[in-house]
Amino acid sequence: MNSHTLTRLRYTYLPDHLIGEILSKRWIDNAIPVLTLALIIAVFGSVIGNFFTLGSIGNISQQVAELGLLTLALTIVMLSGGIDLSIGSIFGLAVLATLICMNALGLSVGVALLAALATGMLCGLINGLLIGYLRLRAFLTTLVMLIILRSVYEIVFLNFATRIVSGMPQSKLWDYLAFGKIYGIPAALFITLAIALVLHVILSRARHGWHITAVGGARRSAYNAGINVRRTICAAYVWSGGLAALAGFIYAARLGSAGADTGAGLEITALTAAVLGGISLGGGRGSVAKALIGTISVAALSSGLVRLGVPGPMNSLILGTVLILAVFVDVRWMKNKQKILNTVYMSPAYVVMPKAAETAVGSGSPYAVNDKLREVDAIGLGILEGPEDCVLDRDDNLYCGTRHGDVMKFHGPDHKTWELFAHVGGHPLGIQMDRDNNIVTCVGGMGLYMITPQREVVKLTDETNRSAFSIIDDSQLKIADDLDITDDGRVYFSEATIRYNIANWPMDALESRGNGRIVCYDMNTKKTHTELKNLVFPNGVCIAQDQQSFYFAESWGCRLSRYWFDGPKKGTLQVVIDNLPGYPDNINRSSDGHYWFTLMGMRTPSLDLALRMPGFRRRMARQIAVDEWLFPNINNGCVLKFNEKGEILDALWDLGGQNHPMITSIREHKGNLYLGGISNNRIGRYKIPGADPNWCALDARWGKS
Amino acid sequence: MRTMRLTQEGVVFLIALVLFVGFAITLTDFVSPGNLMTLLRSVAILGILGLGMGLVVVGRGIDLSMVAVMVVAVSWAIVIGQTEIGFATGILAGLIFCILTGLVVGVLVAYAEVPAIFTTLAMGSIVYGIGRSLFFTLDVQNVPPGNEWFAFLGRGTILGIPMAIIAFGIVAAVLHLVLRKTRFGRFIYASGDNPQAARIAGLPYRPLLVTQYVVSSCIAYVAGLVMAASVSGMNTRIFNSTMIYDVLLVVVLGGIGLAGGRGGVRNVIVGTLLVGVLLNGMTIMNISLTYQNLIKSVILLMAILIDTLLNPRDEQTSQQGDI
């Protein structure tokens, strides 16, 4: 067993690309809070003998019920990028409002609840107006509100203290709120959990919740996206006030009385819980689950400390230390997560490339370099940017996509004049015309789209079935690349990679793992499914003449393959050419019954060597800047023709790269070959010597209309 | 900008003057020499604390742990003084405690990058917890008898001016010179005005931050000593009061913008005068402590509001998580 075998085994079977994928998930933010909670429970569980008894848990759950609501209140505000220190005082005022209604005035439970909520939301509204609309600093404003509301509390409390103490409300519901238990668990906890569930749905599914998160995540971007930032922030504080008031209501039901310091200092406890749960102080990151994890941590911690007989001041010392530690971890996590992710996400695979076919002039190889493309004409020179592919209709009009998210139309037969045909919004890559003259195109980052002759842009699909064990969400289409359409309306299209988005596609070349796939969209059933997986940057797709199979190119794999989707050989995968000297791109039919394809760039010995050295590529990705990386050459390519046996019949080069060296696609139409290029500023037109001057691809494919 | 600042400071000064005149007319005994001395002495401690807070706020920070540090360090000094080790050593121990606390806060803020507001808020409970569980058990510590020099620091007078006011004057003068004339002072303005630019320009940004918190906690200690000297003891329950917000009130009212880089010692003095007049007037009017708190905090809210309107937050240099 030599070192190459070891390297191969290590990079083939150790799934370390999963580390990066796990780190890129949002739920990974929960890891530290959950570990903290486990640690707290483990420590107290082993130190305190009866920590897990029912009474102890009942005590903790009662605490969770009230603290949980307060933490949720803080969570919403923190999500919006602010903070609310006045919740302790709002809590106190709500307790007071409830008790005045119940004990002093003898009103019903419903009225008391309304009074408490109204008190809390009014206080929240004041906060919201000051912070949201007048843009005061949240921390200081709510700190001052804490004192103001506390003073109000003291003033009101003095006036009602005796009447509160003497009053005895008669209400079964009230008593049930206080002492009701379901399976030994306080009813109050169920109320909190129900509210948490509702909030979870709002924050993660509803527009309002998304607005709050968006504003907290990036205030300016949220504003630019048309969100009413000020109103959203104001609403967050109203939510916070309301939830704090609800907590106060439950507390009032449980204790039935209030003291001079009811609710004092609760904001610090709730803040500790929120930060311990991993809710970010910067805003935009947090969830209901995190709030609950943090609440349980703090409840377990403080109840454990009480059980251990730790004196009060020591208790606040520990809570203070925990708060600083939690904030510290949060700040570090925020700062370094992206850095770590950037260094570990790129995970190279071990690839041994077959020896590349010879291309030298005079070598006699079918790939030998020539200068046939020296005389290529330019269409739309300077107008186009990035026409990856093009298609011609029966009236010789040429359609192609641009980097700006448009589909352009050049009028036939000379293609001198042009118009903007349709605006898609993303960069159209592969482009094809179906039987009814609809343009079907793969739009990078968006999915599969159709443009009708009436210029209507229709989304066909942007997601496929999710694989059972994938960590990253592989249901969305990240880089749909090229497509072809079968007679019965199935669209087979390639997705280059599921691990990188459209802006980072060259990174996939350094991995050279099978990250890509071929997906099928059925126009009749409107369903999408993944047909072939684990392909190395699948690119061009072309239905073969037998209508039962398609050819496809794997760019970084430097090979052409054929796959049967129908007929007796259904499901067979066959490699047609595996030693290409470059990276194959689109494939299309030629007038003589064969197939054209292009190489978008040429292999280099250095990169071939690097592919056998994944450790080298990994070090490169970690240690040097992206613009210093060894990337594949994609500046110089050629057009090739092959037959079904996999023989190369023709090669068109631009020796020296003087006129039209960069080619990603070809389209034969009436004796001419039209050349697209993803980094070109034009479409090339090459007159094929001896080709049928009347052959129209659409007629040949779909029959004369 | 400069005229705007002057306007705010001037407005506060005018309000103080108007209040003073108003109280002088409506309240008997307000302008008596005895009351004026009481007024000044009572706000001297607030003023000294305000100077420390002002320094940190100029550097775009905030120190909410000042009162806790003051209470615990001075109490510890007194507790040591009650033993045979001696009061002088105790005072030294308290000073070392303050420096250490300031260092911890500074390192957490500067190097661990924990927002100052959280560090100092939590540090307040931590310091108080340490004091309560390790240094002292009683609520009130009494200065051991036989330290006349210490009592003079609080109750003595020079040329008829109480020592507390003189201490305030000395701290103010020193701080003014440091802020205006030394490199350290100018660096604090620079780093408070635009931290990123200060760092790029090569200022020792992090050591600067640490120094700020060490200085502010030492100033808190001085305030504590003056307080202990004037009442012959230290009441640790002050920690639970809203004193730290009064300190903030002094700074913000005086016109030191919370965005950092603006204001100076003069602003603290003006703020102290206003708060002093206000507190004294309300006390003479026999307004209960609760109502006093309410009025004070509403005024503080107004001050923050005006501060925000006059010194809008700079979105370009405000940090993520800067709340």
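What you see is a predicted model, and the numbers here were worked out from it, not measured in a lab.

A. A look at the overall build of chain B. A count of helices and strands for chain B gives 13 helices and 4 strands. Taken over the C-alpha trace, chain B has a radius of gyration of 19 Å; the compact-globule value for 323 residues is 20 Å, and the two agree within 12%. Expressed as a percentage of its 323 residues, the buried residues of chain B come to 56%. Across chain B, the fraction of contacts at a sequence separation of at least 24, relative to all contacts at a separation of at least 6, is 77%. Treating the 17 positive side-chain charges of chain B as one cloud and the 13 negative ones as another, the clouds have centres 7 Å apart.

B. Representation of the overall build of chain A within the structure. The number of helices and strands found in chain A is 19 helices and 26 strands. In terms of overall size, chain A is more extended than a compact globule, its C-alpha atoms giving a radius of gyration of 33 Å where 705 residues would be expected to give roughly 27 Å. In terms of principal-axis extent, the alpha carbons of chain A reach across some 105 × 65 × 50 Å. Within chain A, the proportion of its 705 residues that are buried is 59%.

C. Quick look at empty space enclosed by the protein. Under the definition given, this model contains 3 cavities of 30 Å³ or more. Here the second largest cavity defines a volume of roughly 50 Å³. In terms of lining, the second largest cavity is formed by I147 of chain A together with T242, Y245, D246, L249, N293, K296, S297 and L300 of chain B. At the level of elements, helix 11 (243-254) and helix 13 (289-310) of chain B are the ones that each hand at least two residues to the lining of the second largest cavity. With 4 residues, helix 13 of chain B is the single largest residue contributor to the lining of the second largest cavity.

D. Fine view of the sheet that holds strand 15 (residues 527-535) of chain A. Residue and element names in this part refer to chain A. An order of 12-13-14-15 is seen for the 4 strands of this open sheet, with the pairing classed as antiparallel. Two strands lie at the open edges of the sheet, namely strand 12 (480-485) and strand 15, each paired on one side alone. Going across the sheet, the axis of each strand differs from the next one's by a mean of 20°, ignoring polarity. Across 6 bridges, strand 13 (residues 490-495) lies against strand 14 (residues 516-522) in antiparallel orientation. Bridge pairing links F493 to V519 in strand 14.

E. View of the pairing of strand 8 (residues 428-433) of chain A. With 6 of 6 residues buried, strand 8 of chain A is to be regarded as a mostly interior element. Hairpin geometry of strand 8 of chain A and strand 9 (residues 439-443) of chain A is characterised by an intervening segment of 5 residues between the two adjacent antiparallel strands and by a positive phi of about 65° at N437 of chain A.

F. Looking closely at the interface of chain A and chain B. Contacts between the two partners involve 42 residues from chain A and, on the opposite side, 43 residues from chain B. Summing both partners gives a buried area of about 3,800 Å² for chain A against chain B, and 75% of it is carried by carbon and sulfur. Interface area lost by chain A to chain B is led by R137, F139 and I324 of chain A, which between them contribute 19%. Viewed at the interface, chain B and chain A are joined by 2 salt bridges. For the salt bridge of K335 of chain A with E113 of chain B, the shortest nitrogen-to-oxygen distance reads 3.0 Å. Where chain A meets chain B, there are 3 residue pairs in polar contact (both at pLDDT 80 or more). Residue assignment for the side of chain A that touches chain B shows that the elements contributing at least two residues are helix 7 (138-166), helix 13 (266-276) and helix 15 (312-345) of chain A.

G. Structural view of the sheet that holds strand 16 (residues 538-543) of chain A. Residue and element names in this part refer to chain A. An order of 16-17-18-19 is seen for the 4 strands of this open sheet, with the pairing classed as antiparallel. Looking at which strands have only one partner, the edges of the open sheet turn out to be strand 16 and strand 19 (573-577). Each neighbouring strand pair of the sheet contributes to a mean axis angle of 25°, computed without reference to strand direction. As paired elements, strand 17 (residues 549-554) and strand 18 (residues 559-564) share 6 bridges and run antiparallel to each other. Looking at strand 18, one finds that F550 is bridged to Y563.

H. How the structure looks around the domain arrangement of chain A. Partitioning chain A into structural domains gives domain 1 (58-291) and domain 2 (372-461 + 475-702). On a C-alpha basis, the centres of domain 1 of chain A and domain 2 of chain A stand 57 Å from each other.

I. Layout of the environment of R132 of chain B. The topology assignment puts R132 of chain B in helix 5 (residues 116-135). Distance from R132 of chain B to M53 of chain B, taken between C-alpha atoms, is 24 Å for residues 79 residues apart in sequence. The residues touching R132 of chain B, leaving out its near neighbours within four places in the chain, are P313 of chain A together with T137, L138, D139 and T236 of chain B.

J. Broad picture of the packing of aromatic side chains. All names here are of chain A. Taken as a whole and judged by the stated rule, the model has 22 aromatic pairs over all chains. Measuring from ring centre to ring centre gives 6.0 Å for F550 and F552, while their planes differ by 55°; the resulting arrangement is tilted. The class for F550 is buried, based on a relative accessible area of 0%. Judged by its relative accessible area of 0%, F552 falls in the buried class.

K. Summary view of the pattern of salt bridges. All names here are of chain A. All told, the structure shown has 34 salt bridges over all chains when counted by the stated rule. Here D654 makes a salt bridge to R374, at a shortest N to O gap of 3.0 Å. Taken as a pair, D654 in the loop between strand 23 (648-652) and strand 24 (665-669) and R374 in the loop between helix 15 and strand 3 (377-379) lie far apart in primary sequence, 280 residues in all. Taking the relative accessible area as the measure of exposure, D654 reaches 2% and is therefore buried.

L. Representation of the packing of helix 6 (residues 109-133) of chain A against helix 7 of chain A in the model. Residues and elements named next belong to chain A. Contact pair helix 6 / helix 7: the axes reach a minimum separation of 10 Å and the direction vectors enclose 145°. The two elements helix 6 and helix 7 cross, and the hand of that crossing is right-handed. Contacts between helix 6 and helix 7 involve C123, I126, N127, L130 and I131 from the first element and A138, T141, T142, M145 and L149 from the second. Looking at side-chain class alone, the contact of helix 6 with helix 7 contains 7 nonpolar, 3 polar and no charged residues.

M. Seen up close, the packing of helix 5 (residues 87-104) of chain A against helix 13 of chain A. Residues and elements named next belong to chain A. Interhelical geometry of helix 5 versus helix 13 gives an angle of 125° and a closest axis separation of 7 Å. Classed by the angle they form, the pair helix 5 and helix 13 counts as oblique. Counted together, I87, G88 and F91 of helix 5 and L266, E267 and A270 of helix 13 form the full contact between these two elements. Tallied by class, the residues present in the contact of helix 5 with helix 13 amount to 4 nonpolar, 1 polar and 1 charged.

N. Quick look at a nonpolar patch on the surface. Together, L122, L125, I126, L129, Y133 and L134 of chain A give the surface a local cluster of nonpolar side chains, amounting to about 500 Å² of exposed area. Counting through the fold element by element, L134 of chain A comes out in the loop between helix 6 and helix 7.

O. Layout of the nonpolar core. Ranked by size, the top nonpolar core spans 207 residues in total, and within it F139 of chain A together with L49, M53, M70 and M243 of chain B carry the most contacts. Top contributing element to this core by residue count: helix 10 (residues 205-231) of chain B, with 16 residues. Contacts of M70 of chain B, omitting those with residues within four sequence positions, involve L49, A220, A223, G224, M227, M234 and M243 of chain B. Counting 52 residues, the second largest nonpolar core, distinct from the first, contains V344, A349, M620 and W653 of chain A.

P. Looking closely at the pairing of strand 6 (residues 406-410) of chain A. Residue and element names in this part refer to chain A. With 5 of its 5 residues buried, strand 6 lies for the most part within the structure. What you see with strand 6 is no split at all: D406, M408 and F410 on one side and V407 and K409 on the other are buried throughout. Two strands pair when backbone bridges link them, and strand 5 (residues 398-401) and strand 6 are joined in this way by 4 bridges, in the antiparallel orientation. Its bridge partner lying in strand 6, Y399 is registered against K409. Where strand 6 lies against strand 7 (residues 418-423), 5 bridges are found, and the strand directions are antiparallel. Residue M408 lies in a different strand from strand 7, and its bridge partner there is L420.

The rules we used
- Residues numbered from 1 in each chain as written.
- Chains lettered and ligands numbered in written order.
- Predicted model: local features only at pLDDT ≥ 70, side-chain atom pairs only at ≥ 80, totals over all residues.
- Heavy atoms only, no water.
- Helix = DSSP H or I, 4+ residues; strand = E, 2+ residues; numbered from the N terminus.
- Rg over C-alpha atoms; globule rule 2.2 N^0.38 Å.
- Buried < 20%, exposed > 50% of the residue type's maximum accessible area, 1.4 Å probe, protein only.
- Contact = heavy atoms within 4.5 Å.
- Lys, Arg positive; Asp, Glu negative; His and termini not counted.
- Charge placed at Lys NZ, Arg CZ, Asp CG, Glu CD.
- 1 Å grid on protein atoms, 1.4 Å probe; cavity = no way out; pocket = protein on both sides within 12 Å on 5 of 7 lines; lining within 4 Å.
- Points joined across faces, edges and corners; volume = space filled by probe spheres on them.
- Pairing = 2+ DSSP bridges.
- Axes fitted to C-alpha atoms, helices over the stretch in contact; angles between N-to-C directions.
- Buried area = accessible area lost by both parts, 1.4 Å probe.
- Salt bridge = Lys/Arg side-chain N within 4 Å of Asp/Glu carboxyl O.
- Polar contact = N/O pair within 3.5 Å; in protein donor to acceptor, adjacent residues only side chain to side chain.
- Domains from an automatic or database assignment.
- Phe/Tyr/Trp six-rings, centres within 6.5 Å; stacked < 30°, edge-to-face > 60°.
- Left-handed = near helix turned anticlockwise from the far one by under 90°.
- Nonpolar A, V, L, I, M, F, W, Y, C, P; charged D, E, K, R; others polar.
- Parallel < 35°, antiparallel > 145°, perpendicular 65-115°, else oblique.
- Patch = residues over 30% accessible without salt bridge, like charges linked within 9 Å, V, L, I, M, F, W, Y side chains within 5 Å.
- Areas by Shrake-Rupley, 256 points an atom, 1.4 Å probe, with all protein chains shown as cover.
- Core = buried A, V, L, I, M, F, W, Y, C linked by side-chain atoms within 4.5 Å.

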